[in-house]
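# What the coordinates show
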Amino acid sequence: MKLCYISSYPPTICGIGDYTESLAKELIKLDPTIEIHVIAEYEAKSSIERIKVHPTFDRKSYTSQEIIEAIRKIKPEIAHLQHSFGIFGADQRAISILEALRKLGSKVIVTFHTVHSRETVDFKVAGYDIEDYNRIISSYAHHIIVHTNSMKQVLARQGVNKDKISMIRIGAFKFGHVSRKDARRKLEIPENAKVMLAPGFIHRTKGTDIAIKVCKELAKITKDVELIIAGWIHPKEIDERNIKYAYNCLKMISKYGLNDKVIATKRNLSREELSTYLSASDLILLPYTQFNWSASGILKLAIGAKKPFIVTRIPKFEEVSEEISDEITAPPNDVKRMAKIAYRLLYDQEFREKIVSRIEEYAKKVSWTNIAKQHIEIYSEIIEEKANARRLPF
């Protein structure tokens, strides 16, 4: 089977690139016959012989033709687009790529990493209504993958055939393990400190300001608590609103008198560095306010690290209530509720252990081995359909 992903890919700093790499690595372990190509951004590369990366485009300036030419040379049986508005834009270019794939005879799979409706879209879709755009993208796909049940429901309501949509979770990420003691020694964090971590890119919908407010609330009742903001603006960020938001968050730290309680890295971290911060932390805060339909790679990082976390009760985190516990979710912007949950997770050992146990069980369920097996099932069905079509006498 010759499979080609169209996606970002490491070392590009991008959650979807990490997703594609984790999936590809697991696929080649499971299937010795699979040949994987990745059409990716210019800085992408792979040291694994069976994963051939083709650095082809720049998300800010690509035209679609460079991707189409790369596909023509590879001639994949299956072409799998990891669709993201942040990578491929919201215009004709992604549609043109899918049109070309169909003409070239490839079976087409699209993973929607985000689904928008008219009520949630907060950017311009050039020449299209967002729901029409979703339907058009879907019409070129032989199969569609989403990460949550609600993503499937929204696409189906928008007119996409639900029978060709599969829900497959994001896998639980595993980075290199560092002991808590060693991580704290390296980061010069006191052993007795209660450390909350807000990891990932700073974005106006990801609640860094809320995490700071939660720390402020906890600081009123305990001296042990600290917050680490481990990340910065996306290196390819072009939205001035997010850049302004990040700097306003830094101002909040001083405004609330939390300079001795909040550490901000003010830069994005390597995987190794992020692993160290995760190991040093006691609790992950993900107080997002996004109201589109998507899933979270950072959540799966926390799950892979088997760390307790708090999330907001939004579609992005619906699997937490479904699979782990509704008790570690809170309404968006409800700082006091989050602070109460955080205090219990930090100081109630019995409650913490029960939550961690559920996280560990879910981590097994969404291992990358299991996620890759689900993909192989879909790929095999698609290839079989293609073979059957060739055998038809008409």
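About the cut-offs
Residues numbered from 1 in each chain as written. Predicted model: local features only at pLDDT ≥ 70, side-chain atom pairs only at ≥ 80, totals over all residues. Heavy atoms only, no water. Axes fitted to C-alpha atoms, helices over the stretch in contact; angles between N-to-C directions. Helix = DSSP H or I, 4+ residues; strand = E, 2+ residues; numbered from the N terminus. Parallel < 35°, antiparallel > 145°, perpendicular 65-115°, else oblique. Contact = heavy atoms within 4.5 Å. Nonpolar A, V, L, I, M, F, W, Y, C, P; charged D, E, K, R; others polar. Pairing = 2+ DSSP bridges. Patch = residues over 30% accessible without salt bridge, like charges linked within 9 Å, V, L, I, M, F, W, Y side chains within 5 Å. Areas by Shrake-Rupley, 256 points an atom, 1.4 Å probe, with all protein chains shown as cover. Salt bridge = Lys/Arg side-chain N within 4 Å of Asp/Glu carboxyl O. Buried < 20%, exposed > 50% of the residue type's maximum accessible area, 1.4 Å probe, protein only. Left-handed = near helix turned anticlockwise from the far one by under 90°. Expected span 1.5 Å × (residues − 1). Phe/Tyr/Trp six-rings, centres within 6.5 Å; stacked < 30°, edge-to-face > 60°. Lys NZ or Arg CZ within 6 Å of the ring centre and 35° of its normal. Polar contact = N/O pair within 3.5 Å; in protein donor to acceptor, adjacent residues only side chain to side chain.

### Quick notes on the packing of helix α13 (residues 335-347) against helix α14 (residues 349-365)
Where α13 contacts α14, the two axes come as close as 6 Å, and the packing angle between them is 95°. As far as their axial angle goes, α14 and α13 are roughly perpendicular. In contact with Arg344, Leu345 and Tyr347 of α13, α14 contributes Gln349, Phe351, Arg352 and Ile355. Considering only residue class, the contact of α13 with α14 consists of four nonpolar, one polar and two charged.

### Focus: the sheet that holds strand β12 (residues 283-286)
Taken in spatial order, the six strands make up an open sheet running β11-β10-β9-β12-β14-β15, and their pairing is parallel. Both edges of this open sheet fall to β11 (262-264) and β15 (329-330), since each of them pairs with a single strand only. With two bridges joining them, strand β14 (residues 309-312) and β15 adopt parallel strand pairing. Bridge assignment links Thr312 to a residue of β15, and that residue is Ala330.

### With respect to a nonpolar patch on the surface
There is a patch of nonpolar side chains on the surface, built from Ile221, Tyr343 and Tyr347 and spanning about 290 Å² of accessible area. Tracing the sequence through the fold places Tyr343 in helix α13. Tyr343 gets classed as partly exposed once you look at its relative accessible area, which sits at 35%.

### Some words on the packing of helix α2 (residues 65-74) against helix α4 (residues 92-104)
Each pair of packed helices can be described by the angle between their axes along with the distance between the axes. In the contact formed by α2 and α4, the axes pass within 9 Å of each other and the chain directions differ by 20°. In terms of axis orientation, α2 runs roughly parallel to α4. Once α2 is placed against α4, the crossing between them reads as right-handed. The residues of α4 that touch α2, namely those facing Ile67, Ile68, Ile71 and Arg72, are Ser96, Ile97, Ala100, Leu101 and Leu104. For the contact of α2 with α4, the class distribution of residues is seven nonpolar, one polar and one charged.

### A short note on unusual backbone geometry
For residues that are not glycine, phi is negative in most cases, and the peptide bond is trans in most cases. A cis amide bond links Pro10 to the next residue, Pro11, at an omega of 5°. With respect to the helices and strands, the residue Pro11 is situated in the loop between β1 (2-6) and α1 (15-30). Phi at Ser64 takes a positive value of approximately 95°, unusual for a residue other than glycine. One non-glycine residue, Asn333, adopts positive backbone phi at about 70°. Topologically, Asn333 is positioned in the loop between β15 and α13.

### Focus on α4
Under the 1.5 Å per step criterion, the end-to-end length of α4 is 18 Å for 13 residues, consistent within 8% with the ideal 18 Å. Listed in full, the buried residues belonging to α4 are Arg93, Ala94, Ile95, Ser96, Ile97, Leu98, Ala100 and Leu101. Elements in contact with the buried residues of α4: β1, α2, β4 (78-83), α3 (85-88), β5 (107-112) and α5 (130-139). Looking one or two places after α4, you find Gly105, whose phi comes out positive at around 90°.

### Considering the packing of aromatic side chains
Taken as a whole, this structure holds 11 aromatic pairs when the rule is applied. Ring plane angle 40° and centroid distance 6.1 Å describe the contact between Phe85 and Tyr133, whose orientation is recorded as tilted. Of this pair, Phe85 sits in helix α3 while Tyr133 is found in helix α5, placing the two residues 48 residues apart along the sequence. Judged by its relative accessible area of 12%, Phe85 falls in the buried class. Where Trp232 meets Tyr247, the ring centres are 5.2 Å apart and the plane angle is 90°; that geometry is what we call edge-to-face. Placement of Trp232 in the loop between β10 (225-230) and α9 (240-255) and of Tyr247 in helix α9 is noted, with a sequence separation of 15 residues between them. Judged by its relative accessible area of 13%, Trp232 is buried. Aromatic rings pair up to connect Phe85, Phe123, Tyr128 and Tyr133 into one cluster. Stacked on the ring of Tyr256, the Lys or Arg Lys216 has its end atom at 4.1 Å from the ring centre.

### Overview of the environment of Pro331
Note that Pro331 resides in the loop between β15 and α13. Separated by 43 residues in sequence, Pro331 and Tyr288 place their C-alpha atoms 9.8 Å apart. Residues in contact with Pro331, not counting those within four places in the same chain, are Thr312, Arg313, Arg337 and Met338.

### A few points about the side chain of Ser296
Relative to the helices and strands, Ser296 resides in the loop between β13 (293-294) and α11 (297-304). A polar contact is formed between the side chain of Ser296 and the backbone nitrogen of Ile298, at a distance of 3.3 Å. In this view, Ser296 contacts Ile170, Tyr288, Lys316 and Phe317; residues no more than four positions away in its chain are not counted.

Honestly, it's all geometry; don't read function into it.
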